Amino acid sequence: MNDEGLLRIKGYHAHVYFDAATLEQARILCEEAARCFPLKMGRMHQRPVGPHPDWSCQLAFRPELFGDLVPWLMQRRNGLNVLVHPITDDELRDHRDWPLWLGQVRPLDLSTLTP
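Computed from a prediction, not measured in an experiment: that's the story for all the values here. (Residues numbered from 1 in each chain as written. Predicted model: local features only at pLDDT ≥ 70, side-chain atom pairs only at ≥ 80, totals over all residues. Heavy atoms only, no water.)

Moving on, we come to helix α2 (residues 66–76). Taken residue by residue, α2 has Leu 69, Val 70, Trp 72 and Leu 73 as its buried positions. The arc enclosing the buried residues of α2, seen along the axis, measures out at 160°, which places them on a common side. Pointing more than 90 degrees away from the buried face of α2 are the exposed residues Gly 67, Asp 68 and Gln 75. Looking at the residues trailing α2, positive phi occurs at Asn 78, about 50°. (Buried < 20%, exposed > 50% of the residue type's maximum accessible area, 1.4 Å probe, protein only. Helix = DSSP H or I, 4+ residues; strand = E, 2+ residues; numbered from the N terminus. Arc of directions from axis to C-beta.)

It is worth spelling out the pattern of salt bridges at this point. Enumeration according to the criterion identifies seven salt bridges in this entry. Across the salt bridge formed by Asp 89 and Lys 10, the nearest N and O atoms sit 2.4 Å from each other. Of the two residues, Asp 89 is situated in the loop between β4 (82–87) and α3 (91–96) and Lys 10 in the segment before β1 (11–18); the sequence distance between them amounts to 79 residues. Between Arg 35 and Glu 32 there is a salt bridge; the shortest N-O distance is 2.7 Å. Linking Arg 35 with Glu 32, this pair stays in helix α1 (residues 23–36), spanning three residues, or about one helical turn. Of the residues examined, Arg 35 reaches a relative accessible area of 59% and is grouped as exposed. Linked through salt bridges whose partners overlap, the residues forming this network are Arg 93, Arg 96 and Asp 97. (Salt bridge = Lys/Arg side-chain N within 4 Å of Asp/Glu carboxyl O.)

Before going further, it helps to spend a moment on the nonpolar core. Ranked by internal contacts, the top residues of the largest apolar core, which has 24 residues, are Val 16, Leu 59, Phe 61, Leu 69 and Leu 73. For this core, the secondary structure elements donating two or more residues are β1, α1, β3 (55–61), α2 and β4. (Core = buried A, V, L, I, M, F, W, Y, C linked by side-chain atoms within 4.5 Å.)

Right, let's talk about the sheet that holds β3 for a bit. On the basis of which strands lie adjacent, the open sheet formed by five strands has the order β2-β3-β1-β4-β5 and antiparallel pairing. In this open sheet, the two edge strands, each paired with only one partner strand, are β2 (40–45) and β5 (100–102). When strand polarity is set aside, the average angle formed by the axes of neighbouring strands in this sheet is 20°. Inspection of the sheet shows β1 paired to β3 by seven bridges, in the antiparallel sense. (Pairing = 2+ DSSP bridges. Axes fitted to C-alpha atoms, helices over the stretch in contact; angles between N-to-C directions.)

What follows is the structure, given as structure tokens:
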């Protein structure tokens, strides 16, 4: 925690959501993000994983990339929904209280997360 009682943000995850019809579109977007930015691209999950209701791919990145990567995703997502959340010591609050949505808000299964 910092002096104001807020948790320190160690990084961010952007979860790009897709389905069978948009799998290739999402793959291209995530691979291009990994080429353009120093981030870690996760697997292309073709089933819901963790709290995520849709198929997804995770992009993990450092806080200093937020100002460049999030607008890049915003302008290139082409209809895909993207969840961006901080990484702190509280997974529940990261997903429930502090998410940023590009596109439609999707219902998360918060029962899988620990505070």
